[in-house]
Amino acid sequence: MLKNQVLNNIQVDNQLFMKPEYLNHPFISGNKYRKLKYNIKAAISQKKTTLLTFGGAYSNHIAATAYAGKMHNLKTIGIIRGEELESKINANPTLMFAKQFGMQLHFISRTAYRNKQDSQYIERLITKYGDFYLLPEGGTNALAVKGCEEILNDRDDKFDFICCSVGTGGTISGLINASQPHQKIFGFPALKGDFLQQDIRKFAAQDNWKLITDYHFGGYGKINEELIAFINTFKAKYNIPLDPIYTGKMMYGIFDLIEKGIFPKNSKILAIHTGGLQGIEGINLKLKQKGLPLIK
Ligand SMILES: *Cc1c(COP(=O)(O)O)cnc(C)c1O
């Protein structure tokens, strides 16, 4: 069973520290480990034998769910966005990984994928695949937030700012709930959109947070040469790998805010490294096709 991991922070410079959640499991990395922990427990106690979830081509959540299902003897079904991917599984390391760990993959169009929260659509999935434990896209629900509350521990109370990348808002909600009122939580969305504020308010029990919306680089999965250069320089300098979808954009943002003097001089910042490194291989294949530099 997944344990409550307590990881020591890595010091980056005088004021910046990193919590290396990417090291909490070799295959179920980062925040996805936290998000799955209580959901797997619930699935087992509800005597479910199958987990069903949703994700895109490079989804960390799909990879983590496939592996966690295998570990706990649960079947897994992944509903994948994009019919065109079906004939290209072999060229996609994330989907290959999921398949290798027994996940049944079903590819649907982007239009059909928009129904993923629709109860009639879920009913049809039950008719088609039988009973399952439903994990939403990105794995965010109340139990996922509860798991993410375990990212922080007492020793983290000394930080003034806690930063994390935001996709669906589950991770930041857990951090907000586990933080002290004097701490400020900054979320860096990896995508465009105003819906995140509301999604976070559904789970967050305090108001000590803010979304910094200037560092999505054009939207979800959008990557440019400046970001790639930043990630490669960061790794060369600190020996910490970053992914281009989430943690790379967040760290770029934090460095930029530090340079602009947004954080008070003696304040201490904790950045949560939420993982996502499994996606780099697949993204590099795409970058290569486009003639862009690769992530090292
Ligand atoms: C999924 C993910 C996030 C976003 O987490 P949410 O809880 O969806 O906001 C951030 N970083 C990485 C590496 C992720 O895989």
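Predicted model only: the values in this text are computed from it and were never measured. (Residues numbered from 1 in each chain as written. Predicted model: local features only at pLDDT ≥ 70, side-chain atom pairs only at ≥ 80, totals over all residues. Heavy atoms only, no water.)

**Considering the overall build of the protein chain**
Now for step 1: Looking only at helices and strands, one finds 11 helices and 10 strands in the protein chain.
Now for step 2: At 19 Å, the protein chain has a C-alpha radius of gyration in line with the 19 Å of a compact globule built from 296 residues.
Now for step 3: Principal-axis analysis of the C-alpha atoms gives the protein chain an extent of 60 × 45 × 35 Å.
Now for step 4: The burial tally for the protein chain puts 56% of its 296 residues in the buried class.
Now for step 5: Long-range pairs, those at least 24 residues apart, make up 74% of the contacts in the protein chain between residues at least 6 apart in sequence.
Now for step 6: Across the protein chain, the 38 positively charged side chains and the 25 negatively charged ones have centroids separated by 4 Å. (Helix = DSSP H or I, 4+ residues; strand = E, 2+ residues; numbered from the N terminus. Rg over C-alpha atoms; globule rule 2.2 N^0.38 Å. Buried < 20%, exposed > 50% of the residue type's maximum accessible area, 1.4 Å probe, protein only. Contact = heavy atoms within 4.5 Å. Lys, Arg positive; Asp, Glu negative; His and termini not counted. Charge placed at Lys NZ, Arg CZ, Asp CG, Glu CD.)

**Thoughts on the site of the ligand**
Now for step 1: Close contacts around the ligand come from 16 residues, with Lys32, Lys35, Thr168, Thr171 and Thr274 the closest.
Now for step 2: Gly169 is positioned with one of its backbone polar atoms (N or O) 2.8 Å from an oxygen atom of the ligand.
Now for step 3: Look at the ligand: alone it shows 380 Å² of surface, and the protein chains cover 98% of it.
Now for step 4: Looking at the shell around the ligand, the elements with two or more residues in it are helix 1 (31-45), strand 7 (161-166) and helix 7 (170-178).
Now for step 5: Per element, the largest residue contribution to the shell around the ligand is 3 residues, and it comes from helix 1.
Now for step 6: Of the residues in the shell around the ligand, the class split is 2 nonpolar, 12 polar and 2 charged. (Near = heavy atom within 4 Å. Polar contact = N/O pair within 3.5 Å; in protein donor to acceptor, adjacent residues only side chain to side chain. Areas by Shrake-Rupley, 256 points an atom, 1.4 Å probe, with all protein chains shown as cover. Nonpolar A, V, L, I, M, F, W, Y, C, P; charged D, E, K, R; others polar.)

**Section: the packing of helix 9 (residues 225-238) against helix 10 (residues 247-259)**
Now for step 1: Between helix 9 and helix 10, the least distance of the axes is 10 Å, while the angle of their chain directions is 80°. Regarding the angle of helix 9 to helix 10, the classification is roughly perpendicular. Judged by residue contacts, Glu226, Leu227, Phe230, Ile231, Phe234 and Tyr238 of helix 9 engage Gly248, Lys249, Met251, Tyr252 and Phe255 from helix 10.
Now for step 2: Of the residues contributing to the contact of helix 9 with helix 10, the split by class is 8 nonpolar, 1 polar and 2 charged. (Axes fitted to C-alpha atoms, helices over the stretch in contact; angles between N-to-C directions. Parallel < 35°, antiparallel > 145°, perpendicular 65-115°, else oblique.)

**With respect to the nonpolar core**
Now for step 1: Membership of the largest hydrophobic core comes to 34 residues, with the highest contact counts inside it found for Met18, Cys163, Phe186, Phe188, Met251, Ile254 and Phe263.
Now for step 2: Looking at this core, the elements with two or more residues in it are strand 2 (16-20), strand 7, strand 8 (184-189), helix 9, helix 10, strand 10 (269-273) and helix 11 (280-289).
Now for step 3: Those residues within four positions of Phe263 in sequence are excluded, and the remaining contacts are Gln15, Phe161, Cys163, Phe186, Ile254, Leu257, Ile258 and Ile269.
Now for step 4: In terms of nonpolar packing, the next biggest core, distinct from the first, is built from 28 residues, Leu2, Ile28, Tyr33 and Ala68 among them. (Core = buried A, V, L, I, M, F, W, Y, C linked by side-chain atoms within 4.5 Å.)

**Let's talk about the environment of Ile151**
Now for step 1: For Ile151, the location among the structural elements is in the loop between helix 6 (142-148) and strand 7.
Now for step 2: The class for Ile151 is buried, based on a relative accessible area of 2%.
Now for step 3: Between the C-alpha atoms of Ile151 and Thr171, which are 20 residues apart in sequence, the distance is 9.0 Å.
Now for step 4: The residues contacting Ile151, other than those within four sequence positions of it, are Lys19, Glu21, Arg34, Asp156, Thr171, Leu175 and Ile272.

**Examining the sheet that holds strand 3 (residues 50-55)**
Now for step 1: Across the sheet, which stays open at both edges, the 4 strands sit in the order 5-4-3-6 with parallel pairing between neighbours. Each edge of the open sheet is held by one strand with a lone partner, namely strand 5 (104-108) and strand 6 (133-134).
Now for step 2: Contacting strand 3 and strand 4 (75-81), helix 2 (residues 60-71) runs over the sheet at an angle of about 170° to strand 3.
Now for step 3: Packed on one face of the sheet, helix 5 (residues 119-129) meets strand 3, strand 4, strand 5 and strand 6 and runs near 130° to strand 3. (Pairing = 2+ DSSP bridges.)

**A look at the pattern of salt bridges**
Now for step 1: Inspection of the entire model under this criterion finds 9 salt bridges.
Now for step 2: With a shortest N-O distance of 3.0 Å, Lys19 and Asp156 are connected by a salt bridge. Highlighted residues: Lys19 in strand 2 and Asp156 in the loop between helix 6 and strand 7, separated in sequence by 137 residues. The same class applies to Lys19 and to Asp156, which are both buried.
Now for step 3: Of the charged contacts, one joins Lys260 and Asp256 as a salt bridge, the two residues approaching to 2.8 Å between their closest N and O atoms.
Now for step 4: Overall, Lys260 belongs to the exposed group, its relative accessible area being 55%. (Salt bridge = Lys/Arg side-chain N within 4 Å of Asp/Glu carboxyl O.)

**Observations concerning the state of the cysteines**
Now for step 1: Counted under the stated rule, the structure contains 0 disulfides.
Now for step 2: With no disulfide of its own, Cys163 lies closest to Cys164 among cysteine sulfurs, the gap being 8.0 Å. (Disulfide = S-S within 2.5 Å.)

**What about the sheet that holds strand 9 (residues 209-211)?**
Now for step 1: The strand order across the open sheet built from 6 strands is 1-2-10-7-8-9, with neighbouring strands paired in mixed fashion. Whereas interior strands pair on both sides, the edge strands pair on one side only; in this sheet they are strand 1 (10-11) and strand 9.
Now for step 2: For strand 7 and strand 8, the ladder comprises 6 bridges, and the chain directions are parallel. Following the sheet pairing, Val166 is matched in strand 8 by Pro189.
Now for step 3: Packing against the sheet, helix 8 (residues 195-203) makes contact with strand 7, strand 8 and strand 9, and its axis sits at approximately 155° to strand 9.

By themselves, these figures tell us nothing about what the structure is for.
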